[in-house]
Amino acid sequence: MKVNEAFELRLNEYLKKKNLSLYMFCKTSGICRSTIINICKGNTKSPTLGTLYDICDALEISIIEFLDCDLFVRENIF
């Protein structure tokens, strides 16, 4: 799995937990929808740490919590 695919799955997991659509998440967080879509589609090869902080802040979780899952284990990423 590619990093962007893992990111998309994890983000969708949290959006579902919080009962948010991507549209509502972007609208309330102030993060451009195009930024999220470009990360998920792999158009953004290396999202900045700042962007990840913004996403996690909007989800009200830490970056460690976001990345702490099997999706991001090195053996699962190619």
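Thresholds, definitions, all that
Residues numbered from 1 in each chain as written. Predicted model: local features only at pLDDT ≥ 70, side-chain atom pairs only at ≥ 80, totals over all residues. Heavy atoms only, no water. Salt bridge = Lys/Arg side-chain N within 4 Å of Asp/Glu carboxyl O. Helix = DSSP H or I, 4+ residues; strand = E, 2+ residues; numbered from the N terminus. Buried < 20%, exposed > 50% of the residue type's maximum accessible area, 1.4 Å probe, protein only. Phe/Tyr/Trp six-rings, centres within 6.5 Å; stacked < 30°, edge-to-face > 60°. Lys NZ or Arg CZ within 6 Å of the ring centre and 35° of its normal.

## Section: the pattern of salt bridges
Part 1: Inspection of every chain in the model, using the stated rule, returns two salt bridges.
Part 2: One salt bridge connects R10 with E13, and the closest N-O pair in it is separated by 2.7 Å. You can see R10 and its partner E13 sitting in helix α1 (residues 3–17), three residues apart, about one turn around the helix.
Part 3: On the basis of relative accessibility, which here comes to 7%, the residue R10 falls in the buried class.
Part 4: A residue is classified by how much of its surface remains accessible, and E13, at 33% relative accessible area, is partly exposed.
Part 5: K17 serves as the salt-bridge partner of E13, at 3.9 Å between the closest nitrogen and oxygen. Note that E13 and K17 are positioned in helix α1 at a spacing of four residues, about one turn of the helix.

## Some thoughts on the packing of aromatic side chains
The geometry of two aromatic rings is summed up by the distance between their centres and the angle between their planes.
Part 1: Across all of its chains, the model carries three aromatic pairs by this definition.
Part 2: When the centroid spacing of 5.5 Å and the interplanar angle of 50 degrees are considered together, the rings of F7 and F66 count as tilted. Residue F7 is located in helix α1, and its partner F66 is located in helix α5 (residues 63–67); the two are separated by 59 residues in the primary sequence. Pair check on accessibility: F7 and F66 agree, each one buried.
Part 3: Ring geometry for F66 against F72: centres 6.0 Å apart, planes inclined by 40 degrees, an arrangement best described as tilted.
Part 4: Sitting over the ring of Y14, K17 keeps its end group 4.6 Å from the ring centre.

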